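# Coordinate analysis (summary)
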Protein chains: 2
Amino acid sequence: MRDERFCASNCPFTRAIGTIGNKWKPIIINVIGVRTIRFGQLDSIIPHISRKVLTEQLKELEEDGLLERLAYKELPPRVEYKLSEKGLAFLPILDNIKEWNAKYEIVPIPEETDYK
Amino acid sequence: MRDERFCASNCPFTRAIGTIGNKWKPIIINVIGVRTIRFGQLDSIIPHISRKVLTEQLKELEEDGLLERLAYKELPPRVEYKLSEKGLAFLPILDNIKEWNAKYEIVPIPEETDYK
DNA sequence: ATTTGTAGTTACCCAATAGTAACCAGAATA
DNA sequence: TATTCTGGTTACTATTGGGTAACTACAAAT
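In this text, all values refer to a predicted model and were calculated from it rather than measured experimentally.

## Brief notes about the overall build of chain A
Assigned secondary structure in chain A consists of six helices and three strands. In sequence order, the secondary structure elements of chain A are arranged as α-α-α-β-α-α-β-β-α. Projected onto its principal axes, the C-alpha coordinates of chain A cover approximately 50 × 45 × 25 Å. Looking at the 116 residues of chain A, the share that counts as buried comes to 47%. Long-range pairs, those at least 24 residues apart, make up 46% of the contacts in chain A between residues at least 6 apart in sequence.

Structure below.
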């Protein structure tokens, strides 16, 4: 899941891309935003992600210091995630991407759909 | 290479991540920058990328309107790439990522290396 | 006694991605 | 005549990614 050639590069930009340059992480960071959120919520809010992949991505984000994980010793278990200072500092970049996209995206021709 | 679920999402942010959210594209865009560059140069400047993958990524970037490709009908062939307006507009975002990384990166412990 | 709920983990398997090597055109150069 | 040069493409293989389903713990509710 993580490309060692990127993470161990001596180019800081390449290393940065190694940590956040995949399709799930920006989505996850964006969904969390400034709130505290539970695993199950993430799982149900983010479309098409499996619990397995979600777990992996969250683990990596935590390892890279973007995310804080708070596990309560309860049953049934409760785990809360929230962005660290580093993660929060990444949010404006995601906003920039949104603006950039809004300005330049070539809007795809919407699929023919049957509404009943 | 391209995840249809992302590109066809009705969420613009998800679509944006679908186009630039992978490890090679930010690297390629960053390497091109404001200059005009040839295929062979890209291939030799970017570490670890294979010609096959480079070709695929360039093709997608062109399809998504980030890149302009200029092929000269010569032999041996000459092909030049440069960023479009959309591509150029993405450069400041890459700069933001560099700043963000410089500020927050947890520097990896350098590997034990033998210098002779 | 059985079901429900949470946040995972694990095993298994198929699909997608990426690496490698060989090959192409055809003009210019040795 | 053989080699070099460029920007690819193709076939084949290896590696990885990711989906699915089953399973865990244990308390509380039915």
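From this point, the discussion proceeds with the structure in view.
## Considerations on the sheet that holds strand β3 (residues 78-83) of chain A
Residue and element names in this part refer to chain A. Ordered in space as β1-β3-β2, the three strands form an open sheet in which the pairing is antiparallel. Looking at which strands have only one partner, the edges of the open sheet turn out to be β1 (37-38) and β2 (67-72). In the sheet, β2 pairs with β3 via six bridges, with the strands oriented antiparallel. Bridge pairing in β3 links E68 to K82.

## Thoughts on the pattern of salt bridges
Scanning all chains against the criterion turns up 20 salt bridges over all chains. Note that K25 of chain A is salt-bridged to E60 of chain A, the shortest N-O span being 2.6 Å. Taken together, the residues K25 of chain A in helix α3 (residues 24-32) and E60 of chain A in helix α5 (residues 51-63) connect sequence positions 35 residues apart. A residue is classified by how much of its surface remains accessible, and K25 of chain A, at 1% relative accessible area, is buried. Residue E60 of chain A is classed as buried on the basis of its relative accessible area, which comes to 9%. Of the charged contacts, one joins K98 of chain B and D95 of chain B as a salt bridge, the two residues approaching to 3.5 Å between their closest N and O atoms. Separated by three residues within a single helix, K98 of chain B and D95 of chain B lie in helix α6 (residues 85-104), roughly one turn from each other. Residue D95 of chain B is classed as partly exposed on the basis of its relative accessible area, which comes to 38%.

## So, the sheet that holds strand β2 (residues 67-72) of chain B
In sheet architecture, strand pairing relies on hydrogen bonds along the backbone and comes in two forms, parallel and antiparallel. Residues and elements named next belong to chain B. Taken in spatial order, the three strands line up as β1-β3-β2 in an open sheet, and their pairing is antiparallel. Strand pairing shows two members of the sheet lacking a second neighbour, β1 (37-38) and β2, which therefore form its edges. Most of the contacts of helix α3 (residues 24-32) go to strand β3 (residues 78-83), to which it runs at about 100°, and overall it touches β1, β2 and β3.

What counts as what
- Per chain, residues are indexed from 1 in the order of the written sequence.
- Both sets of labels track the order of writing: A upward for chains, 1 upward for ligands.
- Local features in this predicted model are restricted to residues whose pLDDT is 70 or higher, and side-chain atom pairs enter the listing and the counts only when it is 80 or higher, whereas totals over whole chains, interfaces and linings include all residues.
- Here the side-chain values reflect all heavy atoms present in the structure, with hydrogen atoms and water set aside.
- Helix and strand labels come from DSSP, where a helix needs a run of H or I of at least four residues and a strand needs a run of E of at least two; each type is numbered from the N terminus.
- We call a residue buried when its accessible area falls under 20% of the maximum for its residue type, exposed when it is over 50%, and partly exposed in between, using a 1.4 Å probe and counting protein chains only.
- Contacts are assigned to residue pairs that have any heavy atoms within 4.5 Å of one another.
- A strand pair is defined by DSSP finding two or more bridges across the two strands.
- Every case where a carboxyl oxygen of Asp or Glu lies within 4 Å of a side-chain nitrogen of Lys or Arg is listed as a salt bridge.
- Every angle, taken between N-to-C directions, lies between 0 and 180 degrees, and every axis is a line fitted to C-alpha atoms, over only the stretch in contact when it is a helix.

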